[in-house]
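Listed here are the chains, written in short residue letters.
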Amino acid sequence: MQNRLFIDGQWIAPADGAILPVIDPATEEVIHHIAAAGRTEADAAVKAAREAFDHGPWPRLSGKERASYLRAIAQGIRDRLPDLAQMETRDNGKPLPESEWDLADAAGCFDFYADLAEELDGEVEDIKLADNRFISKAVREPLGVAVAIVPWNYPLLMASWKVAPALAAGCTMILKPAETTSLTALELGVIAEAAGLPKGVLNILSGKGSVVGQALVDHPDVDKVAFTGSGPVGARIMAAGAKDIKRISLELGGKSPFVVFADADIEKAVEWIMFGIFWNQGQVCSATSRVLVEAGLYPRLLDRLVEEAGKIRIGNGLDAGTLLGPLVNEGQYDDVLRHIDRAVEQGANLACGGRYDGFEKGFWVSPTILTDVALDSDAWIEEIFGPVVCIRPFETEEEAISLANGSRFGLAAAVMSADDARCERVAAAFRAGIVWINCSQPTFTEAPWGGYKQSGIGRELGRWGLDNYLETKQITRLVSDEPWGWYLK
């Protein structure tokens, strides 16, 4: 496991020797230490990326040439998938099969953007002009030096969502992984190095967000910042970027609704409700944490949901059969438990869950279901980011839509019904960037990802993710021999 920083194609230690502990959330054991970059290293990384963009080969390669590097990185991830997955689970806490799924998706992301990089070659849009004395075309070019700041819930996958399209576009990049979960992101540097990526194209700085993250966001030679994380931090990044008119894309929090109508299959509803909130310990921005169930189905569905939630196997992510691991760290654990306690204080009923005391060490929270949650309560309004779901009944379709949209967030929403027309109608009425019908949380590299309202700005994945790292240039040519004759008559 790496304990240095990847800058300009070299592994270096921070100038001040600062380090951070890596803590296994299942055992609270310190399993490693990583380097903690500071402003000096941020400056060095930006300088390397700037030099690689302004004078290096990367932005000048064809899309096909860049694609070969991306495919080599994808293969490098696949070749190391078993040990990377073990590393991810020990770093983050998620069950090993989830880590394996995430890493396979990360490799697929690099392959997908390799294909799009090839499609950039020769891409020119001819523009029809009203004045036939001129011809015009539009071309797309790499934006410049990009910074990616990624969260701890999907460490390597979220890095891939930003690094792969940036490199495909011809940008150079500085990746800042979460200080809590940096192990696999640092290994991405090893994989990129083995793939022969030119120096300075990808730089990786572990460290505290308040220190090195802030230094990168503030740096005048950074052209673009892509951030996934909390709304308050996203607002600060947006404000800081305004000083230099940086390009900003943000994927922020959510409090996503899941509307279940009475004609839905109850077993399928229970399965997708649980997947929508207990997958990845509920540490998912798009988690469908507000479940609205039509009154006629509500009592039976609630009983089945409580029954099945109680069967979920809790344990170390490395143990076979584990479906719910520990929360990522002590701070997140304490915050989720405070939310649960606060919900009960504000009148909610704890149908099941709460603190899990099955282990002496680790940050464990049981699958938690809250009922009778007031619409103005913190539990209904605020993102908890843990395995906690609020569930309440509704009477009419109009009420369900109103309750679903009654949030400052708009990342995702889901609807379940046997009536296809109703599903389409409700999906169209949701104010959210991602909508699922008869399911929750499936995510595809080919489809756009991002939210409405305070859930962010811009889209990742698909061709939309590539657009984040491209500028559009108009090139217009005078083709007439007639004098212009404005000044010279």
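Our structure is the block above this text.
What you see is a predicted model, and the numbers here were worked out from it, not measured in a lab.

*Asks:* In this structure, what is going on with the sheet that holds strand S18 (residues 412-416)? I would like to understand it.
*Replies:* Either a parallel or an antiparallel arrangement is found when strands of a sheet pair, and the pairing is made through backbone hydrogen bonds. Read across the open sheet, the 7 strands follow the order S14-S15-S16-S13-S12-S18-S19; overall the sheet is mixed. Each of the sheet's edge strands pairs with one partner strand only, and the pair in question is strand S14 (349-355) and strand S19 (434-437). Looking at each pair of strands side by side, their axes are set apart by 20° on average, direction ignored. Looking at chain direction, S18 and S19 are connected through 4 bridges and run parallel. When the sheet's bridge partners are listed, Ala413 is paired in S19 with Val435.

*Asks:* So what exactly am I meant to see when it comes to unusual backbone geometry here?
*Replies:* Unusually for a residue other than glycine, Gln281 sits at a positive phi of about 60°. Looking at the secondary structure, you find Gln281 in the loop between helix H9 (266-278) and strand S13 (290-294). With a phi angle near 60°, Asn438 is a residue other than glycine that sits in the positive phi range. Of note, Asn438 is situated in the loop between S19 and strand S20 (452-453). Looking at Asn438, the relative accessible area reads 29%, which means it is partly exposed.

*Asks:* Would you mind going over a nonpolar patch on the surface with me for this structure?
*Replies:* On the surface, Trp484, Trp486, Tyr487 and Leu488 cluster together into a nonpolar patch covering about 670 Å² of accessible area. Of note, Tyr487 is situated in the segment after strand S22 (470-478).

*Asks:* Quick question: what am I supposed to make of the packing of aromatic side chains here?
*Replies:* Each aromatic ring pair is described using two quantities: the centre-to-centre distance and the angle formed by the ring planes. Taken as a whole and judged by the stated rule, the model has 14 aromatic pairs. Both rings, one in Phe275 and one in Trp279, keep their centres 4.8 Å apart while their planes meet at 35°; by these two values the pair is tilted. Residue classification places Trp279 among the buried residues on the basis of a relative accessible area of 17%. A network of ring pairs unites the aromatic residues Trp101, Trp272, Phe275 and Trp279 as a single cluster. The ring of Phe261 has Arg422 sitting right over it, with the charged end atom 4.1 Å from the ring centre.

*Asks:* I tried to follow the pairing of strand S3 (residues 19-23) on my own but got confused; where do I start?
*Replies:* For a regular strand, the rule is simple: side chains alternate between the two faces of the sheet. Only one face of S3 is covered, namely the face carrying Leu20 and Val22; the face carrying Ile19, Pro21 and Ile23 is uncovered. For S3 and strand S4 (residues 30-35), the ladder comprises 5 bridges, and the chain directions are antiparallel. Counterpart to Pro21 in the pairing with S4 is His33. Hairpin remark: S3 followed by S4, antiparallel, with 6 residues in the connecting loop; positive phi at Glu28, about 65°.

*Asks:* Just to check I follow, could you spell out the nonpolar core for this structure?
*Replies:* What tends to happen in soluble globular proteins is that the nonpolar side chains get buried as a cluster. One finds Ile77, Tyr113, Leu175, Leu188 and Leu301 to be the most contacted residues of the largest nonpolar core, which totals 109 residues. In terms of residue count, the dominant contributor to this core is helix H4 (residues 96-120) (12 residues). Those residues within four positions of Leu188 in sequence are excluded, and the remaining contacts are Ile73, Ile77, Phe110, Leu156, Val163, Leu175, Leu202 and Ile204.

*Asks:* How do you make sense of the sheet that holds S22 when you look at a structure like this?
*Replies:* With respect to topology, 3 strands assemble into an open sheet ordered S5-S6-S22, the strand pairing being antiparallel. Two strands close off the open sheet at either side, each with one partner strand: strand S5 (125-127) and S22. Adjacent strand axes in the sheet meet at a mean angle of 25° when their direction is disregarded. In the sheet, S5 pairs with strand S6 (residues 134-142) via 3 bridges, with the strands oriented antiparallel. Note on S6: the bridge partner recorded for Asp126 is Lys137.

Basis of the calculations
- Residues numbered from 1 in each chain as written.
- Predicted model: local features only at pLDDT ≥ 70, side-chain atom pairs only at ≥ 80, totals over all residues.
- Heavy atoms only, no water.
- Pairing = 2+ DSSP bridges.
- Helix = DSSP H or I, 4+ residues; strand = E, 2+ residues; numbered from the N terminus.
- Axes fitted to C-alpha atoms, helices over the stretch in contact; angles between N-to-C directions.
- Buried < 20%, exposed > 50% of the residue type's maximum accessible area, 1.4 Å probe, protein only.
- Patch = residues over 30% accessible without salt bridge, like charges linked within 9 Å, V, L, I, M, F, W, Y side chains within 5 Å.
- Areas by Shrake-Rupley, 256 points an atom, 1.4 Å probe, with all protein chains shown as cover.
- Salt bridge = Lys/Arg side-chain N within 4 Å of Asp/Glu carboxyl O.
- Phe/Tyr/Trp six-rings, centres within 6.5 Å; stacked < 30°, edge-to-face > 60°.
- Lys NZ or Arg CZ within 6 Å of the ring centre and 35° of its normal.
- Core = buried A, V, L, I, M, F, W, Y, C linked by side-chain atoms within 4.5 Å.
- Contact = heavy atoms within 4.5 Å.

Note that every value here comes from positions in space, so none of it alone points to a role or purpose.
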